[in-house]
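Listed below are the residues making up each chain.
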Amino acid sequence: MTTLVETIAGVRQAVARARQRGLTIGLVPTMGALHEGHGALLRQARDENGLVVASLFVNPIQFNRSDDFEKYPRTLQTDLEYCQRLHADVLFAPSAGEMYPAQQLSFVEVAELGEGLCGASRPGHFRGVATVVAKLLNIVQPDRAYFGEKDAQQLAVLTRMVADLNFACTVVRVATVREADGLAMSSRNVRLTAKERQMAPAVYEALLATAAELRAGRDVESAKRAAGLVLEKFPEFRVEYLEVVDAETLRPVERMDRPVLVITAVWLESVRLIDNLRCDPR
Ligand code: PAF
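Residues numbered from 1 in each chain as written. Predicted model: local features only at pLDDT ≥ 70, side-chain atom pairs only at ≥ 80, totals over all residues. Heavy atoms only, no water.

Asker: Give me the overall build of the protein chain: which residues, what numbers.
Answerer: Check the secondary structure of the protein chain and you find eleven helices and nine strands. In summary, the protein chain has a C-alpha radius of gyration of 19 Å against a globular reference of 19 Å for 282 residues, a match within 12%. Counting only C-alpha atoms, the protein chain reaches 55 × 40 × 35 Å along its principal axes. Per-residue burial for the protein chain yields a buried fraction of 54% across its 282 residues. Here the analysis covers contacts within the protein chain between residues at least 6 apart in sequence; of these, 73% occur between residues at least 24 apart. Element-wise, carbon and sulfur atoms account for 50% of the exposed surface of the protein chain, whose accessible area totals about 13,500 Å². Across the protein chain, the 34 positively charged side chains and the 36 negatively charged ones have centroids separated by 2 Å. (Helix = DSSP H or I, 4+ residues; strand = E, 2+ residues; numbered from the N terminus. Rg over C-alpha atoms; globule rule 2.2 N^0.38 Å. Buried < 20%, exposed > 50% of the residue type's maximum accessible area, 1.4 Å probe, protein only. Contact = heavy atoms within 4.5 Å. Areas by Shrake-Rupley, 256 points an atom, 1.4 Å probe, with all protein chains shown as cover. Lys, Arg positive; Asp, Glu negative; His and termini not counted. Charge placed at Lys NZ, Arg CZ, Asp CG, Glu CD.)

This is the structure:
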């Protein structure tokens, strides 16, 4: 049975009761519209903790476009049912007024890691993400917090924030969950038209093609051309970036002589899809 909790005091009380019983706490931060990607986070949290708290908050300060914020799917009732099925104990779904009762003047900024890739086209995005996750970690004080590898840059930013600011919490990374045709699961996929949904798996195919070239010893520029060949079959794609970056620093590399991420953001009409693939040198 999942208890819906809408206040900070309420979730702190639930956590305090669990602590008294000697339970560990796992937090799965989400913005709702839950799918199997979140399911993987919730399942792992369930396996590893005594109390599982999922949070659902569409965080206004991480959106740099108001239309994106407004169009973000909001499905509280089905999300609550999903949490019940996966045996989460608490769904913490605060209002914007509960999370930001006054104008927010304090922010968490993770330099460098949050600046390139998605950070370049979404100014302030990672500052908004880091700030809200810092608030959630302070509110819930979990032993472990779970994030998906699909949002690789977010994961890098939050891992660094937790280390730099000494949060007493372990960041647990969970592998990307894909549809049968390879498309990475995302809450934004529901906004794809039927035709766009058919084209969307080409994003992952482009990453696979790039990774195959890197593994065959090609340099990054030649490997990226392989991605271009896949994506140019569909003029509907607008590639925001497709890069090969160091898996830890997220800085662009020219050759794969250490673990890298092939990472991309692609637009299909008004839907922005992101994905990445880790590739290790032999
Ligand atoms: O990945 C998300 O859903 C969000 O960025 C997060 C981590 C819940 C912060 O709002």
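After that view, the rundown keeps rolling.
Asker: How would you summarise the environment of Phe-69 if you had to cite specific residues and measurements?
Answerer: In this structure, Phe-69 sits in helix 3 (residues 66-71). On the basis of relative accessibility, which here comes to 25%, the residue Phe-69 falls in the partly exposed class. Through-space distance from the C-alpha of Phe-69 to that of Val-58 is 7.8 Å; in sequence the pair is eleven residues apart. Apart from the residues within four sequence positions on either side, Phe-69 is in contact with Val-58, Asn-59, Pro-60, Phe-63 and Arg-74.

Asker: Could you give me a rundown of the sheet that holds strand 5 (residues 144-148), with the residues and numbers involved?
Answerer: The pairing of strands in a sheet happens through backbone hydrogen bonds and is either parallel or antiparallel. Across the sheet, six strands lie side by side as 1-4-3-2-5-6; this open sheet has parallel pairing. Each edge of the open sheet is held by one strand with a lone partner, namely strand 1 (3-5) and strand 6 (170-174). Ignoring strand direction, the axes of neighbouring strands in this sheet form an average angle of 25°. In the sheet, strand 1 pairs with strand 4 (residues 90-92) via three bridges, with the strands oriented parallel. Bridge assignment links Val-5 to a residue of strand 4, and that residue is Phe-92. Against the sheet, helix 7 (residues 125-140) touches strand 2 (25-30), strand 3 (51-56), strand 4 and strand 5, its axis set at about 150° to strand 2. Across the sheet, helix 8 (residues 152-164) lies against strand 5 and strand 6, angled at about 165° from strand 6, the strand it touches most. (Pairing = 2+ DSSP bridges. Axes fitted to C-alpha atoms, helices over the stretch in contact; angles between N-to-C directions.)

Asker: Could you give an account of the site of the ligand, naming the residues involved and the relevant values?
Answerer: Taken together, the residues surrounding the ligand are Pro-29, Thr-30, Met-31, Gln-62, Val-129, Val-132, Val-133 and Gln-154. The side chain of Gln-62 places a nitrogen or oxygen atom 2.6 Å from an oxygen atom of the ligand. Within the side chain of Gln-154, a nitrogen or oxygen atom sits 2.7 Å from an oxygen atom of the ligand. In the complex, 89% of the free accessible area of the ligand, which totals 290 Å², lies under the protein chains. At the level of elements, strand 2 and helix 7 are the ones that each hand at least two residues to the shell around the ligand. Looking at which element gives the most residues to the shell around the ligand, the answer is helix 7, with three residues. Of the residues in the shell around the ligand, the class split is five nonpolar, three polar and no charged. (Near = heavy atom within 4 Å. Polar contact = N/O pair within 3.5 Å; in protein donor to acceptor, adjacent residues only side chain to side chain. Nonpolar A, V, L, I, M, F, W, Y, C, P; charged D, E, K, R; others polar.)

Asker: So, the pattern of salt bridges: which residues are in play, and what are the values?
Answerer: Throughout the structure, instances matching the rule amount to 22 salt bridges. Note that Arg-46 is salt-bridged to Asp-89, the shortest N-O span being 2.9 Å. Taken together, the residues span a long stretch of sequence, with Arg-46 in helix 2 (residues 36-48) and Asp-89 in the loop between helix 4 (76-85) and strand 4 at a distance of 43 residues. Among the salt bridges present, the one from Arg-197 reaches Asp-181, with a minimum N-O distance of 3.0 Å. Residue Arg-197 is located in helix 9 (residues 194-199), and its partner Asp-181 is located in the loop between strand 6 and helix 9; the two are separated by 16 residues in the primary sequence. Classification of Asp-181 as partly exposed rests on a relative accessible area of 36%. (Salt bridge = Lys/Arg side-chain N within 4 Å of Asp/Glu carboxyl O.)

Asker: Any details on the packing of aromatic side chains? Residues and values, ideally.
Answerer: Enumeration over the complete set of coordinates arrives at four aromatic pairs. Ring centres of Phe-57 and Tyr-100 lie 6.0 Å apart, and the angle between their planes is 50°; this geometry places the pair in the tilted category. In this pair, Phe-57 sits in the loop between strand 3 and helix 3 while Tyr-100 sits in the loop between helix 5 (96-99) and helix 6 (118-121), placing the two residues 43 residues apart along the sequence. With 5.7 Å between their ring centres and 85° between their planes, Phe-234 and Phe-237 make a pair best called edge-to-face. (Phe/Tyr/Trp six-rings, centres within 6.5 Å; stacked < 30°, edge-to-face > 60°.)

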